[in-house]
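# Summary of the model geometry
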Amino acid sequence: MKRELISVCMATYNGEKYLKEQINSILMQLNDDDEIVISDDGSTDKTISIINEFNDARIKLFHHKKKKQKTNFGYVAKNFENALSKASGDIIYLADQDDVWLPNKIENQNLALKKSDLVLSDCKIVDESLNVIFSSKFELENIRIGFWKNIYKSGYLGCCMAFRKEILKHILPIPKNVPHDLWIGLIGGDKYKFALLSVQTMLYRRHGNNVSATNPVLVKKEQDLPKNKNTLFFKLWYRFYTIKAYIWSKFMGMKLEVVKSK
């Protein structure tokens, strides 16, 4: 049976250092009719030339006209939103510009998607040189599905997600001031069948330029990793916006159901 079409959505910005290695690790798992949808946020380094050097029809590059955001992850979220809006595949994967996919990523997550709509896989946490720091993010952070647990400390890592395209109608547009992966996990888990896959499908690279809203466990357990410099106010502030957006989404969903029933 023919495999469903896959869209790998990637957001880039000045990612020249690790980008080529990541794209290579993805392309080797794609069929001829699959695609990598890349949204670039105005890179000023060699990111664009590296992408163009592949000269691969499966790579589709879009230039994102970014707007002012209050947070770094706000820029990332809107960049990913642009890539997701261009995806044409049946199954959507998210990919960061600085990680490395393990050879069995698509095979394992596609298999899990036969029984679920959204799958979050485990990963190995590595340093800049791909030396393994922690062999399982799931075990390190006790990753679980659930609203309040992930509001308190999000375990939803976008680059470990794969989901069916129909979910896009509920997660787009991504609200301002809300991390994209947390939003996808919360909305996907609320409206669809969400599963955890306890298989490491990628190398999650940690370095000084990573953008994340929270990462407290890594800081506590490994002093050599980048420190979380977010203030308590910032952590409370973006959680407030996330809860607000979630409640509004639920309200609008109920309102739509009422209209449909009339």
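See above for the structure.
This section reports on the structure supplied with the text. The model shown is predicted, which means the values in this text are computed figures rather than measured ones.

### Section: unusual backbone geometry
Put simply, Leu172 and Pro173 share a cis peptide bond, and its omega is 0°. By the element assignment, Pro173 lies in the loop between helix 7 (168-171) and helix 8 (180-191). A positive phi angle is found at Asn14, which is not glycine, with a value near 45°. Secondary-structure assignment places Asn14 in the loop between strand 1 (6-12) and helix 1 (19-27). What makes Asn14 partly exposed here is its relative accessible area of 29%. Positive phi, close to 50°, is recorded for Asn142, a residue that is not glycine.

### Some points on the packing of aromatic side chains
By the definition in use, this model includes 10 aromatic pairs. Seen from their ring centres, Tyr156 and Phe194 are 5.4 Å apart, and the 45° between their planes marks the pair as tilted. In this pair, Tyr156 is assigned in the loop between helix 6 (147-152) and strand 8 (161-164) and Phe194 in strand 9 (residues 194-205), connecting sequence segments 38 residues apart. Judged by relative accessible area, which is 12%, Phe194 ranks as buried. Clustering of aromatic rings is evident, with ring pairs tying together Phe73, Phe234, Trp237, Tyr238, Phe240 and Tyr241. Over the ring of Trp101 we find Lys105; its NZ or CZ atom is 5.0 Å from the centre of that ring.

### Overview of helix 8
The end-to-end C-alpha separation of helix 8 is 16 Å, in line with the 16 Å expected for 12 residues at 1.5 Å each. Counting buried positions along helix 8 gives nine out of 12 residues, so the element sits mostly inside the fold. For helix 8, the complete set of buried residues consists of His180, Asp181, Leu182, Trp183, Ile184, Gly185, Leu186, Ile187 and Gly188.

### Quick word on the pattern of salt bridges
One pass over the full model with this rule turns up nine salt bridges. For the salt bridge of Glu35 with Lys60, the shortest nitrogen-to-oxygen distance reads 2.7 Å. Residue Glu35 is found in strand 2 (residues 35-40), and its partner Lys60 is found in strand 3 (residues 59-63); the two are separated by 25 residues along the sequence. By relative accessible area, Lys60 is classed as partly exposed at 36%. The shortest N-O distance in the salt bridge between Glu81 and Lys78 comes to 3.1 Å. Remark: Lys78 and Glu81 occur in helix 3 (residues 72-86); sequence separation between them is three residues, near one turn of the helix.

### As for empty space enclosed by the protein
Counting across every chain of the model gives one cavity of 30 Å³ or more. Estimates place the volume of the largest cavity at around 30 Å³. As for the largest cavity, its lining consists of Leu120, Ser121, Asp122, Cys123, Lys137, Phe138, Ile143, Gly155, Leu157 and Cys160. Listed by contribution, the elements that provide at least two residues to the lining of the largest cavity are strand 6 (118-126) and helix 5 (137-141). Among the elements that make up the lining of the largest cavity, the one with the highest residue count is strand 6 (four residues). Tallied by class, the residues present in the lining of the largest cavity amount to six nonpolar, two polar and two charged.

Rules behind the numbers
- Residues numbered from 1 in each chain as written.
- Predicted model: local features only at pLDDT ≥ 70, side-chain atom pairs only at ≥ 80, totals over all residues.
- Heavy atoms only, no water.
- Helix = DSSP H or I, 4+ residues; strand = E, 2+ residues; numbered from the N terminus.
- Buried < 20%, exposed > 50% of the residue type's maximum accessible area, 1.4 Å probe, protein only.
- Phe/Tyr/Trp six-rings, centres within 6.5 Å; stacked < 30°, edge-to-face > 60°.
- Lys NZ or Arg CZ within 6 Å of the ring centre and 35° of its normal.
- Expected span 1.5 Å × (residues − 1).
- Salt bridge = Lys/Arg side-chain N within 4 Å of Asp/Glu carboxyl O.
- 1 Å grid on protein atoms, 1.4 Å probe; cavity = no way out; pocket = protein on both sides within 12 Å on 5 of 7 lines; lining within 4 Å.
- Points joined across faces, edges and corners; volume = space filled by probe spheres on them.
- Nonpolar A, V, L, I, M, F, W, Y, C, P; charged D, E, K, R; others polar.

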